[in-house]
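# Structural features, examined
What follows is each chain in one-letter form.
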Amino acid sequence: MTPLLSVEALRVDVARGAGVRILEDVSFSLSSGEAVGVLGASGSGKTTLALAMLGLLPPTLVARGSVHFEGHEVLSASRGARRAVRGRRCSIVFQEPLTALNPRMRVVDQVAEVALAHGERDGRRARDAAVQMMERVGLANAAAQAARLPHELSGGERQRVLLAMALLLEPALLIADEPTSALDVTVQAQVLQVLRAQQRERGMSLLMVSHDLGVLAVLCSRVLVLHEGRLVEDAPTRQLLETPAHPFTRAIVAAVRRMERPA
Amino acid sequence: MTPLLELRDLVVAYRSAAGVTHAVDQVSLDVARGETLALVGESGSGKTSLGRAVLRLVPTTSGTVRFDGSDVLALREDALRAFRRRAQVVFQDPNASLDPRMRVGDIVREGIEIHALASPEQAELRVARLLEEVGLTPSDASRHPHEFSGGERQRIAIARALAVEPEFLVLDEAVSALDLLVRAQVLDLLARLQAARGLTYLFIAHDLAVVERIATRVAVMHQGRVVECAPTAELFRAPQAPVTQALLAAIPRIDW
């Protein structure tokens with residue numbers, strides 16, 4: 001069976017920076033229904049990796065190599081072809097839910113927009129579906145909250161709106177870039193639960209980017225370790241925790257162990 | 001021995017169009033010399049308002065704040081300046097708290113000059129030593145904040161706070177924005193500095209996991225009140241308040 005997502009020899013450079021390489025020879029694949037974590041420090045290239053999966057790299061960056069999603073090449077695809085896939089078959093959620101939302105638009109309309117962009121013509125039906133999805137991702141009192149503007153919601157509520165947007169059309173793959181690092185821990189736990197439920201109930205695949213090994217260990221069966229733009233480790237989560245191979249991974253695992261088990 | 005910091009029935013209320021909000025509601029706490037009291041709660045629980053009220057950075061509605069026996073809210077002029085030297089703060093976001101146009105050496109030196117703590121030559125030397133103490137190098141003094149990583153910038157903010165030889169630091173989410181590995185390193189640095197200088201910390205965080213290693217005691221805040229305050233190991237072993245239990249349950253624990 002071909003993997004859902006397959007990345008081969010991906011390299012990303014700054015377009016005009018002489019020799020500034022962000023990602024170097026990254027290869028991995030992700031199967032249908034699998035949850036894979038990408039562990040890395042800030043500056044390791046993990047957000048660039050997440051963006052490249054969707055063909056969302058800014059024009060200042062140049063990508064080489066290949067990214068295949070559901071058999072189609074993403075990097076060389078036309079903008080129209082990428083748009084047809086994005087939001088429908090593959091979605092992304094970011095860390096900062098406030099900057100990702102339009103401040104002047106009711107949240108229900110922003111979620112519904114995803115359906116309208118992908119062929120739904122009935123605005124009312126799109127909004128109904130939006131409210132339903134907001135309920136499913138645990139937005140309390142979704143029907144009333146739907147009519148609000150982003151600034152009227154808390155950070156956790158806004159992140160649920162983004163999740164509803166990303167999950168509305170039941171994508172095969174969700175890419176989550178530090179989706180909970182700006183949230184309170186109790187809200188983080190709820191959001192992780194929503195992701196896990198989506199993954200289990202629908203067989204959705206998940207590519208979760210984080211610096212927090214604890215968060216990745218809760219959700220992912222396999223973890224890729226990105227260090228200074230290179231993939232230095234790719235191992236089942238259990239194996240990574242028990243016998244981390246790369247010095248960077250060993251340092252992270254030791255730090256987490258020490259933080260969890262005070263002297 | 002009297003505690004370094006004593007709060008009694010502290011209230012911080014904000015007035016807005018929606019009415020009066022009690023950000024801090026009748027809080028009484030002591031912080032002993034040399035200890036780390038962690039103040040933990042979710043966003044909006046009042047922990048940052050409490051930290052700022054202690055430093056007189058926001059007005060207090062009622063109650064008392066005593067620092068080393070004297071009434072902080074009654075301090076004027078010279079006495080207030082002396083208090084501001086002894087009690088320093090490190091904020092969450094070093095991008096916002098470090099002036100991007102200033103060189104690191106000037107950022108760290110500023111407090112020494114304001115409080116006239118050393119001659120210019122001595123100040124120079126003190127800045128160099130401080131930078132080394134927080135894990136940077138003396139030559140970093142001539143660089144600008146943007147040339148440093150997030151963790152390094154937080155080290156600069158710590159050096160700046162220490163420049164005036166304080167006894168007490170409010171660490172307001174000081175490691176929350178940092179990567180796990182960098183966070184562990186800065187926590188180690190804070191523990192080392194505390195041991196070497198006999199510092200007292202009020203360590204504010206939204207995440208209990210962060211304070212487990214560094215805190216002597218933990219106070220949990222919810223809706224402006226302290227709902228539980230206990231020695232760290234005890235609080236982790238047998239949390240009493242439902243809020244504490246929820247915060248503990250929410251920590252993504254690795255099943256080793």
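What this report covers is the structure whose coordinates are included nearby. (Residues numbered from 1 in each chain as written. Chains lettered and ligands numbered in written order. Predicted model: local features only at pLDDT ≥ 70, side-chain atom pairs only at ≥ 80, totals over all residues. Heavy atoms only, no water.)

## Focus on the packing of aromatic side chains
All names here are of chain B. To keep things clear, this is the line we draw: Any pair of Phe, Tyr and Trp rings, taking the six-membered ring for Trp, is counted once the centres come within 6.5 Å. Such a pair is stacked with planes under 30 degrees apart, edge-to-face with planes over 60 apart, and tilted for the rest. Helix and strand assignments come from DSSP, with helices taken as H or I runs of at least 4 residues and strands as E runs of at least 2, each series counted from the N terminus. Burial classes follow relative accessibility: with a 1.4 Å probe on protein chains only, a residue under 20% of its type's maximum area counts as buried, one over 50% as exposed, and anything between as partly exposed.
All chains considered together, the criterion is met by 2 aromatic pairs over all chains. Considering the side-chain rings of Phe-67 and Phe-168, the 5.9 Å spacing of their centres and the 55° angle between planes classify their relative orientation as tilted. Here Phe-168 lies in strand 7 (residues 168-172) and Phe-67 lies in strand 4 (residues 62-67), a separation of 101 residues in the sequence. The exposure class of Phe-67 is buried, given its relative accessible area of 2%. Of the residues examined, Phe-168 reaches a relative accessible area of 1% and is grouped as buried. Among the aromatic residues, those joined into a cluster by ring pairs are Phe-67, Phe-83 and Phe-168.

## Some points on the layout of surface pockets
Residues and elements named next belong to chain A. Our working definition: Both cavities and pockets are sets of points on a 1 Å grid over the protein atoms alone; in a cavity a 1.4 Å probe fits but cannot get out, in a pocket the set is open with protein on both sides within 12 Å along at least five of seven lines, and lining residues sit with an atom within 4 Å of a point. Grid points are joined across faces, edges and corners, and a volume is the space filled by probe spheres set on the points. Three categories are distinguished: nonpolar for Ala, Val, Leu, Ile, Met, Phe, Trp, Tyr, Cys and Pro, charged for Asp, Glu, Lys and Arg, and polar for the others, with Gly belonging to the last.
Reported here for the second largest pocket is a volume of approximately 540 Å³. Lining the second largest pocket are 21 residues, with Arg-86, Gly-87, Ile-92, Val-114 and Met-165 positioned closest to its centre. Counting only elements with at least two residues in the lining of the second largest pocket, the list comes to strand 6 (90-93), helix 3 (107-117) and helix 6 (155-167). Of the residues contributing to the lining of the second largest pocket, the split by class is 13 nonpolar, 5 polar and 3 charged.

## Some remarks on the interface of chain A and chain B
Short version of the rule: Contacts were defined at the residue level, with two residues in contact if any of their heavy atoms lie within 4.5 Å. In what follows, salt bridge is the name for a side-chain nitrogen of Lys or Arg lying within 4 Å of a carboxyl oxygen of Asp or Glu. Whenever two N or O atoms come within 3.5 Å, that pair is a polar contact, provided that in protein one can donate a hydrogen and the other can accept it, and provided that, for residues adjacent in sequence, both atoms are side-chain atoms.
Every contact between the two is made by 29 residues of chain A and, on the other side, 23 residues of chain B. Across the contact surface, chain A and chain B share 1 salt bridge. Linking B:Asp188 and A:Arg258 is a salt bridge whose minimum nitrogen-to-oxygen distance equals 3.0 Å. Summed over the shared surface of chain A and chain B, the number is 4 residue pairs in polar contact (both at pLDDT 80 or more).

## Looking at the nonpolar core
This is how it is decided: Nine residue types can take part in a nonpolar core, namely buried Ala, Val, Leu, Ile, Met, Phe, Trp, Tyr and Cys, and a core is a set of them joined through side-chain atoms within 4.5 Å.
Ranked by internal contacts, the top residues of the largest apolar core, which has 112 residues, are A:Met134, A:Met208, B:Phe203 and B:Leu208. Broken down by element, this core gets its largest block of residues, 8 residues, from helix 7 (residues 180-197) of chain B. With 32 residues, the next largest nonpolar core counts A:Ala50, A:Leu57, A:Ile175 and A:Leu224 among its residues.

## Remarks on the pattern of salt bridges
Counted under the stated rule, the structure contains 31 salt bridges over all chains. With a shortest N-O distance of 3.0 Å, A:Arg106 and A:Asp109 are connected by a salt bridge. Of the charged contacts, one joins B:Glu133 and B:Arg197 as a salt bridge, the two residues approaching to 2.8 Å between their closest N and O atoms. Taken as a pair, B:Glu133 in helix 5 (residues 120-133) and B:Arg197 in helix 7 lie far apart in primary sequence, 64 residues in all. Residue B:Glu133 is classed as partly exposed on the basis of its relative accessible area, which comes to 30%. Relative accessible area serves as the criterion here: at 27%, B:Arg197 is assigned to the partly exposed category. When salt bridges that share partners are traced, they join A:Asp13, A:Arg21, A:Glu24 and A:Arg64 into one network.

## Structural notes on the pairing of strand 8 (residues 200-205) of chain B
Residue and element names in this part refer to chain B. So the rule is basically this: Two strands pair if DSSP finds at least two bridges between them. A crossover gets the label right-handed when its path from the first strand over the helix to the second runs clockwise, viewed with the strands pointing away from the viewer.
Summarising burial for strand 8: 6 of the 6 residues are buried, a large majority. Taken together, the 5 bridges between strand 3 (residues 36-40) and strand 8 define a ladder with parallel strand orientation. Residue pairing in the sheet places Val-40 in a bridge with Ala-205 of strand 8. Strand direction decides the pairing type here: strand 7 and strand 8, joined by 5 bridges, are parallel. By the bridge assignment for strand 8, Asp-172 is matched with Ile-204. Handedness of the strand 7-helix 7-strand 8 crossover: right-handed.

## Concerning the environment of A:Glu120
Residue and element names in this part refer to chain A. You can see Glu-120 is positioned in the loop between helix 3 and helix 4 (123-136). Given the relative accessible area of 22%, Glu-120 is considered partly exposed. Apart from the residues within four sequence positions on either side, Glu-120 is in contact with Ala-115, Arg-125 and Ala-126.

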